[in-house]
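# Examining the three-dimensional arrangement
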Amino acid sequence: MAAARAAGSAARRLRAGGAARGYAGTAEGSWLRSLFVHKVDPRKDAHSNLLAKKETSNLYKIQFHNVKPECLDAYNSLTEEALPKLHADADYPCALVGSWNTWYGEQDQAVHLWRFSGGYPALTECMNKLKQNQEYVAFQRERSRLLLARRNQLLLEFSFWNEPLPRRGPHVYELRTYKLKPGTMIEWGNNWARAIKYRQENQEAVGGFFSQIGELYVVHHLWAYRDLQSREETRNAAWRKSGWDENVYYTVPLIRSMESRIMIPLRISPLQ
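Residues numbered from 1 in each chain as written. Predicted model: local features only at pLDDT ≥ 70, side-chain atom pairs only at ≥ 80, totals over all residues. Heavy atoms only, no water.

## Remarks on the overall build of the chain
On a plain count of helices and strands, the chain comes out with eight helices and eight strands. Here the chain holds 272 residues, and the buried ones make up 43% of them. Considering only intrachain contacts with a sequence separation of at least 6, the fraction spanning at least 24 residues in the chain is 83%. Surface accessibility of the chain: about 15500 Å² in total, with carbon and sulfur atoms responsible for 54%. (Helix = DSSP H or I, 4+ residues; strand = E, 2+ residues; numbered from the N terminus. Buried < 20%, exposed > 50% of the residue type's maximum accessible area, 1.4 Å probe, protein only. Contact = heavy atoms within 4.5 Å. Areas by Shrake-Rupley, 256 points an atom, 1.4 Å probe, with all protein chains shown as cover.)

In structure tokens, the structure reads:
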């Protein structure tokens, strides 16, 4: 009797062990399968091709120069002498879109926005020529003595934004920079393609761009206002339009951080 009970107990343990191993095997298999099997929304193209202007092949470069505080006037004088020559030279496939000093935001900073007509080949051509331009090389050497730091990004322009064309002043400019959560650029573009109409009445929308090289998932919106009071009134007016609040509601969760710069154009800036 005791032997039979012992045999039955052993059989039950064996069956339980087998079941446990089977369960563990199933769980492990499911876990392994989860590493390789994901359902994703199929996309047939990169977001740069889906969001950028199709009718142009423009590439933009934005430069941020942090200037030694005591050297800002010298930096501006040096820049205002050198950059118009490059802008006006037909041998260089680039154009200066705008040059500014930051008024509110990061202090003692200059911001320059360039357009390269022809995309990356134009950028490469321009940079190769500048290496042989001794006057420009001397300008860079002198400029370096005035700077604390500098950085840049290569940008594409959103298809639904205005082309950043020269305008007469006086204006103050606001550069609003949004750092988005990775993977949200399409959603951002879809919302702003509908929302930009709420910000066109006073011609304040200058240009909208997203980064391609440099810090990624960064969006820059460039706005122009007569003054800070006009900025306040224009922004408040947007909230009184049905639909603007929806854009804010759906885009705020996409943002990791944001920054606003109020900028004053240099004398050489095509955007005044």
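## Describing the pairing of strand 8 (residues 255-265)
Each regular strand carries side chains that alternate between the two faces of the sheet. When strand 2 (residues 94-104) meets strand 8, the two strands line up antiparallel, connected through four bridges. Within the sheet, the bridge partner assigned to T102 lies in strand 8 and is M263. Two strands pair when backbone bridges link them, and strand 5 (residues 172-180) and strand 8 are joined in this way by eight bridges, in the antiparallel orientation. Bridge pairing links K179 to S257 in strand 8. (Pairing = 2+ DSSP bridges.)

## What to know about the packing of helix 6 (residues 185-195) against helix 8 (residues 244-251)
Orientation of helix 6 relative to helix 8, taken along the N-to-C sense of each, is 170°, at an axis distance of 10 Å. In terms of orientation, helix 6 and helix 8 fall into the roughly antiparallel class. Contact residues: helix 6 offers E187, W188, N191, W192 and A195, while helix 8 offers W244, N247, Y250 and T251. A per-class count over the contact of helix 6 with helix 8 returns five nonpolar, three polar and one charged. (Axes fitted to C-alpha atoms, helices over the stretch in contact; angles between N-to-C directions. Parallel < 35°, antiparallel > 145°, perpendicular 65-115°, else oblique. Nonpolar A, V, L, I, M, F, W, Y, C, P; charged D, E, K, R; others polar.)

## Overview of the side chain of Q109
Summarising the element assignment, Q109 is placed in strand 3 (residues 109-117). If we ignore the near neighbours within four places in the chain, the residues touching Q109 are F64, H65, N66, W100, N101, T102 and R261.

## Re helix 3 (residues 72-88)
The terminal C-alpha atoms of helix 3, which comprises 17 residues, lie 24 Å apart, in line with the 24 Å expected from a rise of 1.5 Å per residue. Within helix 3, the full set of buried residues consists of L72, Y75, N76, L78, T79, E80, A82, L83 and L86. For helix 3, the elements touching its buried residues are strand 1 (58-67), strand 2, strand 3, helix 4 (119-132), helix 5 (134-144) and strand 4 (147-157). (Expected span 1.5 Å × (residues − 1).)

## Let's talk about the environment of V67
If you trace the backbone, V67 turns up in strand 1. When the C-alpha atoms of V67 and L146 are compared, they prove to be 6.0 Å apart, with 79 residues separating the residues in sequence. With residues near it in sequence (within four places) discarded, V67 still touches L72, Y75, D108, L146, L147 and L148.

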